[in-house]
Amino acid sequence: MEQWARFLEINAPRILELTLDHALLVSLAIVVALLIGVPLGIYLTTNEYLAGTVLQVASVTLTIPSLALFGIMIPIFSLINKGIGFLPAFVALVLYSQLPIIRNTYTAIKNVNPEMRDAAIGMGMKTHQRLLRVEIPNAMPVIMAGIRTAVVLNIGIAVIAAYIGAGGLGVLITQGISRGDNYLIISGSLAVALLAIIADGLLLLIQKRFTTKAVVE
Amino acid sequence: MITFNQVTKKYSSEKTAVKDVDFTVDEGKIVVLLGPSGCGKTTLLRMVNRLESITEGSIVIDNENSMDLDAIELRRKIGYVIQSNGLFPNMTIEENVMIVTDLLGWNKKKKKERFNYLMKLIGLDPKIYGKRYPHELSGGQQQRIGVVRALAADPPVMLMDEPFGALDPIIREKIQDEFLQIQREVKKTILFVSHDIDEAIKMADKIMLLRDGEIMQYDTPSKMLSHPENEFVNQFFGKDRAIKSLSLHTVRNLQEVIGLAEMDESIYDTKTINVNQDLRNTLSMLLNQEADQVIVTNDQDEKIGSITIDLVQKYLHYEIKGKMSVSQEG
Ligand SMILES: Nc1ncnc2c1ncn2[C@@H]1O[C@H](COP(=O)(O)OP(=O)(O)OP(=O)(O)O)[C@@H](O)[C@H]1O
Ligand SMILES: [Mg+2]
């Protein structure tokens with residue numbers, strides 16, 4: 001215990017800083033992933049043909065081991081002299097979040113009660129009116145579930161970003177491993193877990209706040 | 001007015017859901033589409049607001065070919081009610097009801113007035129129910145909201161696909177009565193799908209009986225019951241079609257033809273029914289022996305006589321059976 005106290009006394013500021021780095025990297029990646037994935041998922045509901053292809057490609061992305069994906073980024077981004085650091089890690093994370101976000105958005109909207117969709121069309125709603133007024137609001141819980149999955153996934157995977165020099169909590173863990181320092185490994189891992197739990201809880205709150213009770217049920 | 005001109009619907013080259021259907025729904029009338037499951041009722045209905053395409057033929061609504069209109073505009077001029085009411089759970093009752101008026105760009109004041117009027121029609125307080133969400137209403141209330149939502153923009157034409165099918169019998173009858181009351185006021189041209197014979201007899205100005213996408217008979221309920229044009233119609237309405245047809249007659253009809261019985265003042269256990277009650281309900285009341293004597297009251301609530309099973313039987317014999325076509329009996 002005493003040793004932990006001493007460890008934290010020395011390392012707390014650094015842990016905090018790395019946690020913030022980690023959170024920043026993930027947040028930016030998620031925001032960009034959302035800006036791409038949600039509209040794409042929504043669009044795909046109106047284009048069956050494209051939907052199959054895109055969902056397949058996104059699925060494949062997720063099967064690439066995370067270490068490998070980060071590795072692939074290095075030669076690609078070396079072309080613009082940014083082979084290591086924030087940018088390749090950021091791009092890898094954006095790619096990783098696409099599947100849960102696109103797929104959940106797509107299936108959420110597709111799974112909205114067909115009778116509800118029928119009623120909307122039968123009343124004379126145009127496609128965008130139907131999406132905005134009926135389908136998206138009623139698909140919100142599932143879309144949010146996809147976003148939460150992506151966030152938690154990314155917080156974990158972003159640990160690997162340390163290997164390509166993008167900072168974050170992975171730094172503590174990789175250092176801990178190479179130095180055989182359990183304190184570093186444990187504190188790094190705990191911080192990652194804590195960050196994931198807090199982020200998930202926060203998103204759940206947002207989700208509850210912005211969906212009516214009826215839709216959640 | 002809705003006119004079907006030789007309308008055919010093929011879902012694929014083998015699957016013909018509607019075959020050469022040719023009929024007219026007159027202005028302000030209710031036509032009930034009736035027939036066994038899969039006979040094409042829903043398909044027929046959904047071709048009117050172009051939720052299904054028409055393979056051959058045309059549908060003309062108030063002198064305009066439905067294909068000449070923009071689908072979106074066409075749909076906004078047609079009220080549409082479905083069995084599961086299709087209310088949007090993310091919207092309040094008021095938002096749900098006012099959707100079409102909203103799409104049409106009505107102003108706030110006009111919408112509010114309309115909403116209050118509509119809620120009055122179905123006897124729900126707009127202040128209390130307006131802000132609720134669909135799941136906070138009973139099934140019957142939801143279904144009524146579904147109906148007034150279709151009425152919101154005052155469309156001349158209404159399409160109703162088993163609108164009361166999901167309700168229990170008691171609530172269903174109440175809502176049917178209520179709807180007929182509303183219809184007397186709004187006089188819409190209505191296509192109404194049902195697979196309930198009693199509902200069809202009650203609601204319809206005319207019934208269309210379908211089989212495998214083809215019209216078997218298109219007639220008034222009483223004609224349908226008394227003069228089935230073929231064996232299918234005869235079978236469909238069943239052996240008890242005479243009893244069914246009783247719901248088309250009231251105690252008043254009976255009184256006019258054969259008169260009521262005297263009241264027996266000495267009988268203590270009595271029940272009263274109104275002279276406008278239909279004979280089918282009257283008969284079941286008599287058969288249930290709910291009282292020793294059933295007394296008939298007129299519109300002023302005055303007792304004008306009593307009614308017995310014998311009287312109903314006599315009326316049935318002379319008025320209904322006598323007029324049924326003999327060749328179809330058995
Ligand atoms: N989208 C579709 N594709 C192919 N066939 C269809 C489609 N919709 C309906 N059908 C077929 O067309 C026929 C008529 O269907 P429809 O839904 O109009 O029947 P219905 O009279 O409304 O039946 P129910 O009383 O069960 O609602 C049925 O045989 C049905 O299987
Ligand atoms: Mg149907």
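Residues numbered from 1 in each chain as written. Chains lettered and ligands numbered in written order. Predicted model: local features only at pLDDT ≥ 70, side-chain atom pairs only at ≥ 80, totals over all residues. Heavy atoms only, no water.

Taking an unreviewed UniProt entry as the reference, chain B is identified by name as Quaternary amine transport ATP-binding protein belonging to Jeotgalibacillus campisalis. UniProt annotates chain B under Catalytic activity (unreviewed entry) with the comment "a quaternary ammonium(out) + ATP + H2O = a quaternary ammonium(in) + ADP + phosphate + H(+)". (UniProt positions renumbered as here; feature names shortened; annotations may be inferred.)

As annotated in an unreviewed UniProt entry, chain A is L-proline glycine betaine ABC transport system permease protein ProW from Jeotgalibacillus campisalis. UniProt annotates chain A under Sequence similarities (unreviewed entry) with the comment "Belongs to the binding-protein-dependent transport system permease family."

Asker: I tried to follow the nonpolar core on my own but got confused; where do I start?
Answerer: The tendency in soluble globular proteins is for nonpolar side chains to be buried as a group. Judged by nonpolar contacts, the single largest core of 95 residues is most densely connected at Phe70 of chain A together with Phe4, Phe23, Leu44, Ile59, Phe88 and Leu191 of chain B. With eleven residues, helix H6 (residues 127–157) of chain A is the single largest residue contributor to this core. Excluding anything up to four places from it in sequence, Leu44 of chain B contacts Phe4, Val18, Val21, Phe23, Leu33, Met208 and Leu210 of chain B. Val97, Leu167, Ile182 and Val233 of chain B belong to the second largest nonpolar core, which has 46 residues in total. (Core = buried A, V, L, I, M, F, W, Y, C linked by side-chain atoms within 4.5 Å. Buried < 20%, exposed > 50% of the residue type's maximum accessible area, 1.4 Å probe, protein only. Helix = DSSP H or I, 4+ residues; strand = E, 2+ residues; numbered from the N terminus. Contact = heavy atoms within 4.5 Å.)

Asker: Even after reading the chapter, I still don't get the sheet that holds strand S12 (residues 293–297) of chain B, so can you show me in this structure?
Answerer: Adjacent strands of a sheet pair through backbone hydrogen bonds, lying either parallel or antiparallel. All names here are of chain B. Read from one edge to the other, the open sheet built from three strands follows the order S11-S12-S13, with strand pairing classed as mixed. Since the sheet does not close on itself, it has two edges, and those belong to strand S11 (270–274) and strand S13 (303–307), each with one partner. Neighbouring strand axes in the sheet, compared pairwise and without regard to direction, differ in orientation by 35° on average. As paired elements, S11 and S12 share five bridges and run parallel to each other. For Lys271, the partnering residue across the bridge sits in S12 and is Val294. On top of the sheet, helix H13 (residues 251–258) reaches S11, S12 and S13; it is set at about 85° to S13, its chief contact. (Pairing = 2+ DSSP bridges. Axes fitted to C-alpha atoms, helices over the stretch in contact; angles between N-to-C directions.)

Asker: Help me understand the pattern of salt bridges, please; the structure alone is not making it clear to me.
Answerer: When the charged atoms of two side chains lie near each other, side chains of opposite charge can form a pair. Scanning all chains against the criterion turns up 19 salt bridges over all chains. We note a salt bridge from Glu135 of chain A to Arg117 of chain A, for which the minimum N-O separation is 2.5 Å. Within this pair, whereas Glu135 of chain A is found in helix H6, its partner Arg117 of chain A is found in helix H5 (residues 114–122), the two being separated by 18 residues in sequence. Among the residues examined, Glu135 of chain A registers a relative accessible area of 2% and is labelled buried. In this structure, Asp118 of chain A engages Arg46 of chain B in a salt bridge whose closest nitrogen and oxygen atoms are separated by 2.3 Å. Within this pair, whereas Asp118 of chain A is found in helix H5, its partner Arg46 of chain B is found in helix H1 (residues 41–48), the two belonging to separate chains. With relative accessibility at 19%, the residue Asp118 of chain A sits in the buried group. (Salt bridge = Lys/Arg side-chain N within 4 Å of Asp/Glu carboxyl O.)

Asker: Which parts of the structure should I look at to understand the packing of helix H3 (residues 66–78) of chain A against helix H4 (residues 86–110) of chain A?
Answerer: Helix packing for two helices is described by the angle between their axes and how far apart those axes are. Residues and elements named next belong to chain A. Taken N-terminus to C-terminus, the directions of H3 and H4 make an angle of 130°; their axes are 9 Å apart at the nearest point. Relative to H4, the element H3 is oriented oblique. Where H3 crosses over H4, the handedness of that crossing is right-handed. Residues Ser66, Leu69, Phe70, Met73 and Phe77 of H3 form the contact with H4, whose own contacting residues are Leu87, Pro88, Ala89, Val91, Ala92, Leu93, Leu95 and Tyr96. Residues belonging to the contact of H3 with H4 are distributed by class as follows: twelve nonpolar, one polar and no charged. (Parallel < 35°, antiparallel > 145°, perpendicular 65-115°, else oblique. Left-handed = near helix turned anticlockwise from the far one by under 90°. Nonpolar A, V, L, I, M, F, W, Y, C, P; charged D, E, K, R; others polar.)

Asker: Help me out: how do you make sense of the side chain of Ser58 of chain B in this one?
Answerer: Residues and elements named next belong to chain B. Here Ser58 lies in strand S4 (residues 56–61). By relative accessible area, Ser58 is classed as buried at 17%. With near-sequence residues (within four places) excluded, Ser58 lies in contact with Thr3, Phe4, Asn5, Val7 and Asn65.

Asker: I keep staring at the UniProt feature "transmembrane region" (unreviewed entry) in chain A and nothing clicks. Help me out?
Answerer: Residue and element names in this part refer to chain A. When the UniProt feature table is mapped onto this chain numbering, "transmembrane region" (unreviewed entry) sits at residues 23–45, 57–77, 83–102, 150–177 and 183–206. As annotated, residues 83–102 comprises 85% helix and 0% strand, and the C-alpha atoms at either end are separated by 28 Å. This span, residues 183–206, is 100% helix and 0% strand, and a straight line between its end C-alpha atoms measures 34 Å.

Asker: Hey, could you run me through the UniProt feature "domain: ABC transmembrane type-1" (unreviewed entry) in chain A in this one?
Answerer: Mapped onto the present numbering, the UniProt feature "domain: ABC transmembrane type-1" (unreviewed entry) falls at residues 19–207 of chain A. Secondary structure within residues 19–207 of chain A divides into 83% helix and 0% strand; the distance between the first and last C-alpha atoms comes to 24 Å.

Asker: Sorry, what's going on with the interface of chain B and chain A here?
Answerer: For an interface, size is often stated in terms of accessible area lost upon the parts coming together. With 23 residues of chain B in contact, the opposing surface of chain A contributes 21 residues. Summing the contributions of chain B and of chain A, the shared interface buries around 1,900 Å²; its carbon and sulfur component is 62%. Considering only the surface of chain B that becomes buried against chain A, Phe88, Asn90 and Leu103 of chain B emerge as the three largest contributors, covering 26% of it. Counting across the chain B and chain A interface gives two salt bridges. Ionic pairing is found between Arg133 of chain A and Asp102 of chain B, a salt bridge with its closest N-O pair at 3.1 Å. Here chain B and chain A share eight residue pairs in polar contact (both at pLDDT 80 or more) between them. (Buried area = accessible area lost by both parts, 1.4 Å probe. Polar contact = N/O pair within 3.5 Å; in protein donor to acceptor, adjacent residues only side chain to side chain.)

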